[in-house]
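Reading the structure
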Amino acid sequence: MVNEVEQYLITKDTGYYVDCTFGGGGHSLFLLNKYKNIKIIAFDQDETSLKRFETNPELQKVKDRIIFCNDNFRNIEKNLNNLNIPKVSGILADLGVSSKQLDDKSRGFSFNSEAVLDMRMNNKQSLTAYEIVNTFPKEKLEQIFFEYGEESFSRQIAQKIIDTRIKTNIKTCNQLKDIICSIKYSKGNINPATKVFQALRIRVNDELGSLKDLLNSLENILEPKARAVIMSYHSLEDRIVKQSFKAAQSLKIINKKVITATEEEIKINPRSRSAKIRVSEKIYE
């Protein structure tokens, strides 16, 4: 949804813009190529994103206008202070797991994989999905599946995991998927394991905590008339963004109705089907 991002994010054609979730650099590259006088501060806690940046010839053409921060965007204020950049002209956050991470089956995000349960966006952190599934008590598993996945079968799935791990460790994504599918039946094109895998990923990476930290920083780091464009993919994230924007004293909501992908966009990028964009603008210091 690069066109929507550009339409709502860019309020002036100079200054520093922050890409909180650099990934493969698609959004940043589009903006840098179109606006020759802006610079991008790119955040990504995944080391593979830094490697892609360093080896992508198109990104290397504009590397002098990119400052790469190999860190979680929850630390945005600290990084901007270290760079001596107190205010920025706009912030983009395309939340959730990136397509690159999903496509790499070895990362343990996909339920169609013999990879070990991992799901870490930052490989330096210690907590993995494997540890949660094999060591957390039943009550904690229920809570994770229900709160972060909105899974109505959270209790039954948690019990099945406990019963299974008494006999053997649950090591791979496919093992966990099979456990879930023994409790839930498929509905349409949605895999029964989707909600549990989402919940585990959110818990492993503390995604909601990171999002709240970012949103709490917006009023401090946006310059007047600068905008924050937040793209979320499930109701938990969207609810947090909506509530935070409403509560902010110096921000005004630009789009009262959430922005969604066009049919044309969905055909090109099926992942955009669930995307919701909310935009706020700094109105005063």
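Further up the page is the structure itself.
Structure report, in brief. Note that this is a predicted model, so its numbers are computed, not measured.

A word on the overall build of the chain. In terms of regular secondary structure, the chain is built from 14 helices and seven strands. A total of 285 residues make up the chain; the buried ones form 53% of that total. Roughly 14000 Å² of accessible area belongs to the chain as shown, and the carbon and sulfur atoms make up 48% of that amount. Taken as two groups, the 45 positive and 37 negative side-chain charges of the chain have centres that lie 3 Å from each other.

Our next topic: the pattern of salt bridges. For the structure shown, the criterion picks out 14 salt bridges. Across the pair R155 and E142 runs a salt bridge, and its minimum N-O distance is 3.9 Å. In this pair, R155 is assigned in helix α9 (residues 154–167) and E142 in helix α8 (residues 138–149), connecting sequence segments 13 residues apart. A residue is classified by how much of its surface remains accessible, and E142, at 16% relative accessible area, is buried. Shared partners join several salt bridges into a network, and the residues in it are R74, D206 and D213.

Spatial strand order, β3-β2-β1-β4-β5-β7-β6: seven strands in an open sheet with mixed pairing. With one partner strand each, in any of the chains shown, β3 (66–69) and β6 (251–253) form the two edges of the open sheet. Geometrically, the sheet is characterised by an average inter-axis angle of 20° between neighbouring strands, direction not taken into account. In terms of strand pairing, β6 meets strand β7 (residues 276–282) through three bridges, oriented antiparallel.

This brings us to helix α11 (residues 194–205). For α11, which comprises 12 residues, the first-to-last C-alpha distance of 17 Å matches the rise-based estimate of 16 Å (1.5 Å per residue) to within 8%. Along α11, nine of the 12 residues are buried, which leaves the element largely enclosed by surrounding structure. D206 sits one or two residues past α11 and shows a positive phi near 45°.

What follows deals with the packing of aromatic side chains. Counted according to the given criterion, the structure contains three aromatic pairs. Judged by centre distance (5.4 Å) and plane angle (85°), the rings of F22 and F68 are edge-to-face. Separated by 46 residues along the polypeptide, F22 in the loop between β1 (15–19) and α2 (26–34) and F68 in strand β3 bring together distant segments of the chain. Just as F22 is buried, F68 falls in that class too. Among the aromatic residues, those joined into a ring-pair cluster are F22, F53 and F68.

A separate point is helix α13 (residues 235–247). Spanning 13 residues, α13 covers 18 Å between terminal C-alpha atoms, matching the ideal 18 Å at 1.5 Å per step. Buried within α13 we find L236, E237, D238, I240, V241 and F245. The inward-facing, buried residues of α13 abut α8, α12 (207–221), β5 (222–232), β6 and β7.

Where helix α10 (residues 173–181) meets α11, the axes come as close as 10 Å, and the angle between the chain directions of the two elements is 130°. With respect to their mutual orientation, α10 and α11 come out oblique. Residue-level inspection shows C173, L176, K177 and I180 of α10 in contact with α11, the latter providing V196, F197 and L200. By residue class, the composition of the contact of α10 with α11 is six nonpolar, no polar and one charged.

Closest axis-to-axis distance for the α8/α11 pair is 8 Å, and the angle between their directions is 95°. With respect to α11, the element α8 is oriented roughly perpendicular. Counting all contacts with α8, which are made through I144, F145, Y148 and G149, the residues of α11 involved are K195, V196, Q198, A199, L200, I202 and R203. Partitioning the contact of α8 with α11 into residue classes produces seven nonpolar, two polar and two charged.

All right, on to the pairing of strand β2 (residues 38–43) then. Most of β2 is tucked away, with five of its six residues classed as buried. As paired strands, β1 and β2 are joined by five bridges and run parallel to one another. Along β2, the bridge assignment pairs G15 with I38. Handedness of the crossover is the feature at issue here: the chain leaves β1, passes through α2, returns alongside β2, and the resulting connection is right-handed.

Before going further, it helps to examine the nonpolar core. Of all hydrophobic cores here, the largest spans 30 residues; its most connected members are I76, I91 and L218. Those elements that place two or more of their residues in this core are β2, α5 (76–82), β4 (88–94), α12, β5 and α13. Ranked by residue count, the leading element in this core is α12, at six residues.

Thresholds, definitions, all that
- Residues numbered from 1 in each chain as written.
- Predicted model: local features only at pLDDT ≥ 70, side-chain atom pairs only at ≥ 80, totals over all residues.
- Heavy atoms only, no water.
- Helix = DSSP H or I, 4+ residues; strand = E, 2+ residues; numbered from the N terminus.
- Buried < 20%, exposed > 50% of the residue type's maximum accessible area, 1.4 Å probe, protein only.
- Areas by Shrake-Rupley, 256 points an atom, 1.4 Å probe, with all protein chains shown as cover.
- Lys, Arg positive; Asp, Glu negative; His and termini not counted.
- Charge placed at Lys NZ, Arg CZ, Asp CG, Glu CD.
- Salt bridge = Lys/Arg side-chain N within 4 Å of Asp/Glu carboxyl O.
- Pairing = 2+ DSSP bridges.
- Axes fitted to C-alpha atoms, helices over the stretch in contact; angles between N-to-C directions.
- Expected span 1.5 Å × (residues − 1).
- Phe/Tyr/Trp six-rings, centres within 6.5 Å; stacked < 30°, edge-to-face > 60°.
- Contact = heavy atoms within 4.5 Å.
- Parallel < 35°, antiparallel > 145°, perpendicular 65-115°, else oblique.
- Nonpolar A, V, L, I, M, F, W, Y, C, P; charged D, E, K, R; others polar.
- Right-handed = clockwise from strand over helix to strand, strands pointing away.
- Core = buried A, V, L, I, M, F, W, Y, C linked by side-chain atoms within 4.5 Å.

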